[in-house]
Amino acid sequence: MKPQFISIEGLEGAGKSTQRDVLAAWVTKHSGPPMVTREPGGTVMAEQIRSVLLAHHDEPVDVWTELLLVFAARRQHLSTAIRPALTNGQWVVSDRFTDASYAYQGGGRGIPWEHIVDLESRVLEGFKPDLTLWLDCPAEVGLARARQRGELDRIETEDVDFFERCRTAYERRCSEDPGRIIRLDATGTIASVSAAVIHALEAHYS
Ligand code: T5A
């Protein structure tokens, strides 16, 4: 099998970082240690873009500026980190990828879907994850977990309606590409979600 690119998606506090480690451990057992990365970020320059994106600013952040920044970071991430790893035979596990732009900038900010489709095709030239695990939970559940950690970044200060729109956009992505995106219920305990992650991987790659 060619090296796989697996992304993990969901709202804040859905448990992506927690389950990413479970996913990486499964990949290690089957194909050797993967490159574990995240978006926005994953390279020095893309991490700098992440800092700009998540920081609080005195001036309003234009929604298109936000979209272009996430895609600028993604292009850099793809060309200098993800593609080289895959070419080298290494699997890649990423905490978020393009589906997050549909969710947050499409659903959350209201940028028309077709504009994101167009940008994605120009910037990524057809590249997408081989498999995406979407950890789905109501916005309130994820936000309550995220808030326990303390200070909120610029996007985390949005209201619940914003995150419910993001969730609806994830649903749309899932229904548009059901062979790639697997929805997992993220409302249970960490152990039960981990079991669902492993089950989904075993079923997909059996
Ligand atoms: N963004 C990103 C865009 O707007 N557009 C884009 O294109 C992209 C790529 C990035 C931000 O950027 C935006 C979206 C985001 O706002 P991020 O680094 O991905 O942010 O961060 P968050 O989603 O904010 O990450 P979080 O750390 O908040 O959420 P996780 O990773 O889903 O959750 P995790 O694993 O860190 O868990 C959070 C807490 O909950 C507990 C954990 O122990 C931890 O304390 N927890 C559970 N508790 C109970 N039950 C469970 N099942 C639990 N799972 C985890």
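Criteria and thresholds
- Residues numbered from 1 in each chain as written.
- Predicted model: local features only at pLDDT ≥ 70, side-chain atom pairs only at ≥ 80, totals over all residues.
- Heavy atoms only, no water.
- Helix = DSSP H or I, 4+ residues; strand = E, 2+ residues; numbered from the N terminus.
- Expected span 1.5 Å × (residues − 1).
- Buried < 20%, exposed > 50% of the residue type's maximum accessible area, 1.4 Å probe, protein only.
- Arc of directions from axis to C-beta.
- Contact = heavy atoms within 4.5 Å.
- Salt bridge = Lys/Arg side-chain N within 4 Å of Asp/Glu carboxyl O.
- Polar contact = N/O pair within 3.5 Å; in protein donor to acceptor, adjacent residues only side chain to side chain.
- Pairing = 2+ DSSP bridges.
- Axes fitted to C-alpha atoms, helices over the stretch in contact; angles between N-to-C directions.
- Parallel < 35°, antiparallel > 145°, perpendicular 65-115°, else oblique.
- Left-handed = near helix turned anticlockwise from the far one by under 90°.
- Nonpolar A, V, L, I, M, F, W, Y, C, P; charged D, E, K, R; others polar.
- Near = heavy atom within 4 Å.
- Areas by Shrake-Rupley, 256 points an atom, 1.4 Å probe, with all protein chains shown as cover.

**Quick look at helix α5 (residues 113-124)**
Right, on to step 1. Over its 12 residues, α5 runs 16 Å from end to end, which matches the ideal 16 Å to within 8%, given 1.5 Å per residue.
Right, on to step 2. Buried within α5 we find Trp113, Ile116, Leu119, Glu120, Val123 and Leu124. For α5, the angular spread of the buried residues around the axis is 125 degrees, confining them to a single face. Facing away from the buried side of α5 by over 90 degrees, the exposed positions are Glu114 and Arg122.
Right, on to step 3. On its buried face, α5 sits against α3 (63-87), α4 (98-108) and α7 (160-176).
Right, on to step 4. Looking one or two residues beyond α5, the residue adopting positive phi is Glu125, at roughly 50 degrees.

**Overview of the pattern of salt bridges**
Right, on to step 1. The final tally for this structure, using the stated rule, is 21 salt bridges.
Right, on to step 2. When the shortest N-O distance is used, the salt bridge between Glu47 and Arg38 registers 2.7 Å.
Right, on to step 3. Since its relative accessible area comes to 33%, Arg38 is described here as partly exposed.
Right, on to step 4. Between Glu158 and Arg109 there is a salt bridge, with its nearest N and O atoms 2.8 Å apart. Placement of Glu158 in the loop between α6 (139-147) and α7 and of Arg109 in the loop between α4 and α5 is noted, with a sequence separation of 49 residues between them.

**Examining the environment of Glu12**
Right, on to step 1. Note that Glu12 resides in the loop between β1 (5-10) and α1 (16-31).
Right, on to step 2. C-alpha of Glu12 to C-alpha of Leu143: the two residues are 131 residues apart in sequence and 6.1 Å apart in space.
Right, on to step 3. A distance of 2.3 Å separates the side chain of Glu12 from the side chain of Tyr104, its partner in a polar contact.

**Observations regarding the pairing of strand β4 (residues 131-136)**
Right, on to step 1. The buried fraction of β4 is high, at six of six residues.
Right, on to step 2. Sheet topology note: the β1/β4 ladder contains five bridges and is parallel. When the bridges of β4 are listed, Gly10 appears paired with Leu135.
Right, on to step 3. Here five bridges tie β4 to strand β5 (residues 181-185), and the two strands are oriented parallel to one another. Its bridge partner lying in β5, Leu133 is registered against Ile182.

**Some points on the packing of α4 against α5**
Right, on to step 1. Closest axis-to-axis distance for the α4/α5 pair is 10 Å, and the angle between their directions is 150 degrees. The orientation of α4 relative to α5 falls into the category roughly antiparallel. α5 is crossed by α4, and the crossing has right-handed handedness. Facing Thr98, Ser101, Tyr102, Gln105 and Gly106 of α4, the residues of α5 in contact are Trp113, Ile116, Val117, Glu120 and Leu124.
Right, on to step 2. A per-class count over the contact of α4 with α5 returns five nonpolar, four polar and one charged.

**A short note on the site of the ligand**
Right, on to step 1. With respect to spatial proximity, 27 residues lie near the ligand, and among them Thr18, Arg50, Arg96, Ser101 and Arg149 are the closest.
Right, on to step 2. Between the ligand and Ser101, the relevant distance is 2.6 Å, taken from an oxygen atom to a side-chain nitrogen or oxygen of the residue.
Right, on to step 3. Between the ligand and Glu156 there is a distance of 3.0 Å, counted from an oxygen atom to a side-chain nitrogen or oxygen.
Right, on to step 4. Protein chains shield 84% of the accessible area of the ligand, which is 1,000 Å² for the free molecule.
Right, on to step 5. For the shell around the ligand, the element with the most residues is α4, which contributes four residues.

**Points about the packing of α3 against α5**
Right, on to step 1. Packing of α3 against α5 leaves a shortest axis separation of 10 Å and a crossing angle of 30 degrees. Taken together, the axes of α3 and α5 lie roughly parallel to each other. The handedness of the crossing between α3 and α5 is right-handed. Counted together, Trp64, Leu67, Leu68, Phe71, Arg74, Arg75, Leu78 and Arg83 of α3 and His115, Ile116, Leu119, Glu120, Val123 and Leu124 of α5 form the full contact between these two elements.

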